[in-house]
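# Reading the structure
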Amino acid sequence: MSYLTVALAKGRLAELAMDLFTSIGMDCAEMKEKTRKLIFTDEEHKMKFILVKASDVPTYVEYGAADIGIVGKDTLLEEHRNLYEMINLDFGKCKMAVCGPIEIKDEFSNINNLRVASKYPYIANSFFKDVKGQTIELIKLNGSVELAPLVGLSDVIVDIVESGRTLKENGLDVLEDICPLSAWFVVNKVSMKMHTPRIMDIVAKFKEELKKA
Ligand code: PRP
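In this numbering scheme, every chain counts its residues from 1 along its sequence in written order. Side-chain atom pairs in this predicted model are given and counted only at pLDDT of 80 or more, local residue features only at pLDDT of at least 70, and totals for whole chains, interfaces and linings cover all residues. With hydrogens and water excluded, all non-hydrogen atoms of the structure serve as input to the side-chain values.

## Topic: helix H1 (residues 12-23)
Put simply, the test is: Helix and strand assignments come from DSSP, with helices taken as H or I runs of at least 4 residues and strands as E runs of at least 2, each series counted from the N terminus. How far a helix is expected to stretch is found by multiplying one less than its residue total by 1.5 Å. The buried label goes to any residue with under 20% of its type's maximum accessible area, the exposed label to any with over 50%, and the partly exposed label to all in between, with areas taken from a 1.4 Å probe on protein chains only. What the arc describes is the spread of directions from the helix axis to the C-beta atoms. In what follows, residue pairs with any heavy atoms lying within 4.5 Å of each other are defined as contacts.
The end-to-end C-alpha separation of H1 is 17 Å, in line with the 16 Å expected for twelve residues at 1.5 Å each. Taken residue by residue, H1 has Leu 13, Ala 14, Ala 17, Met 18, Leu 20 and Phe 21 as its buried positions. Buried residues of H1 fall within an arc of 160° about the axis and therefore sit on the same side. Among the structural elements, strand S1 (4-9), helix H2 (29-32), strand S3 (47-52), strand S4 (68-72), strand S11 (183-187) and helix H9 (196-212) are those in contact with the buried residues of H1. Phi turns positive one or two residues past the end of H1, at Gly 25, with a value near 95°.

Pasting the structure below:
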């Protein structure tokens, strides 16, 4: 039997994904140890787990370097890769939203060439162009996006809101929701054909676990 490779998004989602694989009998103990290793193997089930940067998970899966990926919907929307989105795993729940100073809540939709800072240029551009029909100037950032409106780099931001703490502690608010987000189980299209029974078995077991939650 060949190995099935699973790409996990490093960070909080990886921990939750490991818990899910453990709950269906896979061995993720080695991965839970704090090491710098990036590949882990469960010999009994012929599974390999690789830890990759969240935004790279869809790339590994599309090219078939990983058969399966566990990744946030935000990354899937931003990367829009060619793969199967199989199940919403319903953990890592948060939302994508337009955020900024509450004072501009009523007017930001009417500002021409609104300056929008985001780690998610595709999502931000699509939302303003296709949903709101508004022209924007997109400023791509790589982190600490909440700073942008505070120092005059942008009018608003498009970012993930989970607890809302980062916004609150920086005097910002949600101005408009874009969409809900959570972790998804995604599969390479060729792998799905080559390993249908094994992949569908994991899908069925995950669905059972999700029912219990
Ligand atoms: C994410 C996101 C927000 C924050 C939201 O950033 O971009 O900044 O978490 O979480 P909260 O609503 O619970 O406060 P992350 O921690 O990944 O850091 P980054 O901004 O440097 O990317």
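## Digging into the pattern of salt bridges
Working definition: two side chains of opposite charge can pair if their charged atoms are close together. Put simply, the test is: What counts as a salt bridge is simple: a side-chain nitrogen of Lys or Arg found within 4 Å of a carboxyl oxygen of Asp or Glu.
According to the stated counting rule, one finds 14 salt bridges in the structure shown. Across the salt bridge formed by Asp 19 and Lys 32, the nearest N and O atoms sit 2.5 Å from each other. Placement of Asp 19 in helix H1 and of Lys 32 in helix H2 is noted, with a sequence separation of 13 residues between them. Judged by relative accessible area, Lys 32 falls into the partly exposed class, the value being 37%. With a shortest N-O distance of 3.1 Å, Glu 208 and Lys 211 are connected by a salt bridge. Of this pair, Glu 208 and Lys 211 are both found in helix H9, three residues apart, which corresponds to roughly one turn of the helix. Given a relative accessible area of 43%, Glu 208 falls into the partly exposed group.

## Concerning a positive patch on the surface
This is how the line gets drawn: What goes into a patch is any residue over 30% in relative accessible area without a salt bridge, connected to like charges within 9 Å or, for nonpolar side chains (Val, Leu, Ile, Met, Phe, Trp, Tyr), within 5 Å. To be clear on the numbers: accessible area is Shrake-Rupley with a 1.4 Å probe, and residue cover counts the displayed protein chains and nothing else. Residues scored as positive are Lys and Arg, those scored as negative are Asp and Glu, and His as well as the terminal groups of each chain are ignored. Charge positions are represented by NZ for Lys, CZ for Arg, CG for Asp and CD for Glu.
Judged by side-chain charge, Lys 10, Arg 36, Lys 53, Lys 119 and Lys 140 come together as a positively charged surface patch. With respect to the helices and strands, Arg 36 occurs in the loop between H2 and strand S2 (39-42). Exposure remark for Arg 36: the relative accessible area of 81% places this residue in the exposed category.

## Overview of the packing of aromatic side chains
Just so we agree on the cut-off: In this scheme Phe, Tyr and Trp rings, the latter by its six-membered ring, pair at centre separations within 6.5 Å, and the angle between planes marks the pair as stacked below 30 degrees, edge-to-face above 60, and tilted otherwise. The criterion is that NZ of a Lys, or CZ of an Arg, lies within 6 Å of the ring centre and within 35 degrees of the ring normal, and then a charge sits over that ring.
Under the defined criterion, the tally for this structure stands at four aromatic pairs. Each ring, one from Phe 127 and one from Phe 128, has its centre 5.5 Å from the other, and the planes form 80°; the classification is edge-to-face. The buried category is assigned to Phe 128, whose relative accessible area is 0%. In textbook terms, an aromatic cluster arises when at least three aromatic residues are bridged by ring pairs, as seen for Phe 21, Phe 49, Phe 185 and Phe 206. Positioned above the aromatic ring of Tyr 3, the side-chain terminus of Lys 48 is 4.0 Å from the ring centre. Sitting over the face of the ring of Trp 184, Lys 73 holds its NZ or CZ atom 4.9 Å from the ring centroid.

## Overview of the site of the ligand
Here is the rule we go by: Any residue with a heavy atom positioned within 4 Å of a molecule or strand is treated as near that molecule or strand. Counted as a polar contact is a pair of N or O atoms within 3.5 Å, where, for protein atoms, one must be capable of donating a hydrogen and the other of accepting one, and residues adjacent in sequence contribute only when both atoms are in side chains.
What surrounds the ligand is the set Lys 119, Gly 143, Ser 144, Glu 146, Asp 159, Ile 160, Val 161, Glu 162, Ser 163, Gly 164, Arg 165 and Thr 166. One nitrogen or oxygen atom from the side chain of Asp 159 is found 2.8 Å from an oxygen atom belonging to the ligand. Between the ligand and Gly 164 there is a distance of 2.7 Å, counted from an oxygen atom to a backbone nitrogen or oxygen. In isolation the ligand offers 500 Å² of accessible surface; the protein chains occlude 65% of this area. For the shell around the ligand, the elements supplying multiple residues, two or more each, are strand S9 (156-161) and helix H7 (165-169). The element contributing the most residues to the shell around the ligand is S9, with three residues.

Geometric descriptors of this kind do not, in isolation, establish any biological role.
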